[in-house]
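# Structure assessment
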There are 2 protein chains.
Amino acid sequence: MAGPNLRVLMKRHPDGMVRVDDFTLEHAAMPEPGAGQVLVRNLVLSLDPYMRPRMDPLPSYAPPLAPGELMPGGAVGEVIDSRDDALPNGTLVAAPLGWQSFGLATKATVRVLDPALGPPSAALGVLGMPGVTAHYGLTQIGRPRAGETVVVSAASGAVGGVVGQIARIRGARAVGIAGGERKCRYVVEELGFDACVDYRAADFAERLAAATPAGVDVLFENVGGPVMDAVLGRINDFARIALCGNISDYNRSEPYGLKGMRALLMHRVAMQAFIIADQRAYWAEALPELSSWLAAGRLRYREDVAEGLEHAPEAFIRMLTGANFGKQLVRVAA
Amino acid sequence: MAGPNLRVLMKRHPDGMVRVDDFTLEHAAMPEPGAGQVLVRNLVLSLDPYMRPRMDPLPSYAPPLAPGELMPGGAVGEVIDSRDDALPNGTLVAAPLGWQSFGLATKATVRVLDPALGPPSAALGVLGMPGVTAHYGLTQIGRPRAGETVVVSAASGAVGGVVGQIARIRGARAVGIAGGERKCRYVVEELGFDACVDYRAADFAERLAAATPAGVDVLFENVGGPVMDAVLGRINDFARIALCGNISDYNRSEPYGLKGMRALLMHRVAMQAFIIADQRAYWAEALPELSSWLAAGRLRYREDVAEGLEHAPEAFIRMLTGANFGKQLVRVAA
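## Looking at the domain arrangement of chain A
All names here are of chain A.
- Split by domain assignment, chain A resolves into domain 1 (5–122 + 301–331) and domain 2 (129–277).
- Its C-alpha centre places domain 1 at a distance of 28 Å from the equivalent point of domain 2.
- Contacts between domain 1 and domain 2 engage 21 residues on the former and 15 residues on the latter.
- Together, the buried faces of domain 1 and domain 2 total about 1,500 Å²; carbon and sulfur atoms form 59% of this surface.
- Applying the counting rule to domain 1 against domain 2 returns 0 salt bridges.
- There are 7 residue pairs in polar contact (both at pLDDT 80 or more) connecting domain 1 and domain 2.
- Contributing elements (two or more residues each) for the side of domain 1 that touches domain 2: helix H1 (51–54) and helix H9 (312–320).

## Re the state of the cysteines
- Evaluation of the coordinates by the stated rule reveals 0 disulfides over all chains.
- Lacking any disulfide linkage, Cys244 of chain A is separated from the closest cysteine sulfur, that of Cys196 of chain A, by 17 Å.

## Details of the side chain of His135 of chain A
- You can see His135 of chain A is positioned in helix H2 (residues 129–142).
- Note on His135 of chain A: relative accessible area 3%, which makes it buried.

## Points about the confidence of the model for chain A
- Residues with a pLDDT of 70 or more make up 100% of chain A, whose mean pLDDT is 96.
- Here the prediction assigns the complex a pTM of 0.95, and the interface score ipTM is 0.93.

## Thoughts on the packing of H2 of chain A against helix H8 (residues 282–295) of chain A
All names here are of chain A.
- Contact geometry of H2 with H8 gives a least axis separation of 9 Å together with a crossing angle of 105°. Judged by the inter-axis angle, H2 sits roughly perpendicular to H8. Across the interface between the two elements, Met129, Gly131, Val132, His135, Tyr136, Thr139 and Gln140 from H2 touch Tyr282, Trp283, Ala286, Leu287, Glu289, Leu290 and Trp293 from H8.
- Classifying every residue of the contact of H2 with H8 by side-chain character gives 9 nonpolar, 4 polar and 1 charged.

## Some remarks on the packing of aromatic side chains
- Throughout the structure, instances matching the rule amount to 14 aromatic pairs over all chains.
- Ring geometry for Tyr136 of chain A versus Phe274 of chain A: centroids 5.6 Å apart, planes at 40°, classification tilted. One end of the pair, Tyr136 of chain A, is in helix H2; the other, Phe274 of chain A, is in the loop between strand E13 (270–273) and H8, with 138 residues separating them in the sequence.
- Classification of Tyr136 of chain A by relative accessible area gives buried; the value is 14%.
- The exposure class assigned to Phe274 of chain A is buried, which follows from its relative accessible area of 4%.
- Where Phe23 of chain B meets Phe316 of chain B, the ring centres are 6.2 Å apart and the plane angle is 85°; that geometry is what we call edge-to-face.

## Let's talk about the interface of chain B and chain A
- Contacts between the two partners involve 32 residues from chain B, matched on the other side by 32 residues from chain A.
- Each partner contributes to the roughly 2,900 Å² buried at the junction of chain B and chain A, and carbon and sulfur atoms together form 62% of this total.
- Looking at the side of chain B facing chain A, the largest losses of area belong to Met261, Arg262 and Leu265 of chain B, adding up to 24% of the total buried there.
- Taken together, the connections running from chain B to chain A amount to 4 salt bridges.
- A salt bridge links Asp56 of chain A to Arg262 of chain B, with the shortest nitrogen-to-oxygen separation between them at 3.2 Å.
- Taken together, the connections running from chain B to chain A amount to 9 residue pairs in polar contact (both at pLDDT 80 or more).
- Counting only elements with at least two residues in the side of chain B that touches chain A, the list comes to strand E12 (235–243), helix H7 (261–266) and strand E13 (270–273) of chain B.
- The biggest single contributor to the side of chain B that touches chain A is H7 of chain B, with 5 residues.
- The residue inventory of the side of chain B that touches chain A, partitioned by class, reads 22 nonpolar, 5 polar and 5 charged.
- Relative to E13 of chain B, E13 of chain A runs antiparallel, the two being bridged by 3 bridges. Note on E13 of chain B: the bridge partner recorded for Ala270 of chain A is Gln272 of chain B.

The rules behind each value
- Residues numbered from 1 in each chain as written.
- Chains lettered and ligands numbered in written order.
- Predicted model: local features only at pLDDT ≥ 70, side-chain atom pairs only at ≥ 80, totals over all residues.
- Heavy atoms only, no water.
- Domains from an automatic or database assignment.
- Contact = heavy atoms within 4.5 Å.
- Buried area = accessible area lost by both parts, 1.4 Å probe.
- Salt bridge = Lys/Arg side-chain N within 4 Å of Asp/Glu carboxyl O.
- Polar contact = N/O pair within 3.5 Å; in protein donor to acceptor, adjacent residues only side chain to side chain.
- Helix = DSSP H or I, 4+ residues; strand = E, 2+ residues; numbered from the N terminus.
- Disulfide = S-S within 2.5 Å.
- Buried < 20%, exposed > 50% of the residue type's maximum accessible area, 1.4 Å probe, protein only.
- pLDDT = per-residue confidence, 0-100.
- Axes fitted to C-alpha atoms, helices over the stretch in contact; angles between N-to-C directions.
- Parallel < 35°, antiparallel > 145°, perpendicular 65-115°, else oblique.
- Nonpolar A, V, L, I, M, F, W, Y, C, P; charged D, E, K, R; others polar.
- Phe/Tyr/Trp six-rings, centres within 6.5 Å; stacked < 30°, edge-to-face > 60°.
- Pairing = 2+ DSSP bridges.

Next comes the structure, spelled out in structure tokens:
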């Protein structure tokens, strides 16, 4: 059956590094909206690191995906068949519709987008989950004071880039960690971080020390692994760690063993793991501020757009290995 | 020179496991109190795990000890030569006088003991640093609600025993982890924990699971290492970890690599490291409550007393390897 709704399913649980043949494509029938539902034509799909642990046969933030299930994800799309007067055809929405061309949503599951606030795809980045994640983790957990040093890993990514820019707005020193000189240049020259350290450099530890002469007061952790251990070697007394992600482990069969417990203990560090899905009320607090910063040119970002849903698996793998550059999106339809 | 003041010095930084010949004894002259000082004859010395990281040539809570320096530690003693009218001869005090027979103190560095509150040695245990540490870490960081499950490692020790008893007083389920069936029996039968799991048992993980049927809401961590990883395998969403010690690493040349980062992340765990030395004001809050519980028979404890300061190194090593049973003390003088 070759229906019009292209869907990307998880074929099987990945074994270590996720591979293209862990996914399968299907052409399904057009979903039929019921009363109170709307049919959404997806325009852009967001690819995010959290999707990888969802693919493991282990509890993550949510029950594990079962083989044959639709890959989850946030998307921006247009209402094309409405059964809810509050969401007329043509409404632009963000919704967790997953890796597919068309999906069903309701008033409760969509966020109606205001095109005046930014381009639609921004609702999947700086004005969406990644932006709100950055805002919450930095300001509610990291709580940098002016003059303190904030380190953020995956600094050229959708979350990390916003973290450092807010840190600067708050008067802190923003130090990014990213993979490669090109990303590091972008983080400093385009995003305005005070410094960025290439974790692939042979002398990474020395460079990190040079970039954090007064140590590290706040760590916004997206990556984990040996890079996190290196930052713990620079951690200050009473530092705060916002534990947001652990992407370096997501494709390992055996987890990395974090060696920096002594540093956490001796420096009386507070580490708080979080996911923004727990903080529904926070969106209303963060989005106006993020929007105003964006409008004022104080928040910059970069997108990495893969063309066509059929290429989502490759784009996802590129993102997980750091081969992308900027917020990873997939254009589903023009 | 063979003066009357027996002192135990760190001879050299230990290499991995601390050994008796990492210490040296000296017989020094009697200290001479200056104006405002008092000479204290130590009666009992406290041995505590934090002393081990102080011996490494690395920053810990305080600058590292240098070879030849007096081993630090809290003691209870009697003022025998006072140059401060507020501390007359005969006053019983607790003070950080280190591993020696006699020491100098001032009003600012001593805590005057009220013999009505408990035996003097209790000021080094349940009514001292370990007791206040337990109270702070459990009630201010762990914050167990009634019915929640609290797990504490080194449960038969000076801190752990108090943690579980306060957890019970607060209406939580208290599960201890200790080394050996004898300690576990004591933790349950004498201290009143709901359960205690022997980490040396071959089926430790299964026993831990059986003892925590509803998972773990609060972990009071004294030990670290694979035992901590096992507890992280049982951790609940929004659990709190009071990171108090990491004794399993203190004598290792290479730190253990903690594998449970995924659990911390996925369950949105808050982990706060602390030392009670940062919380000077808290003592006045905790001690009356601890004293009243002790008087009411709601707090029990056990002491393991080594006889003679010259045996402090062996007793210290016994404690670090878990061969002691109860709060480790050294009788310095009768």
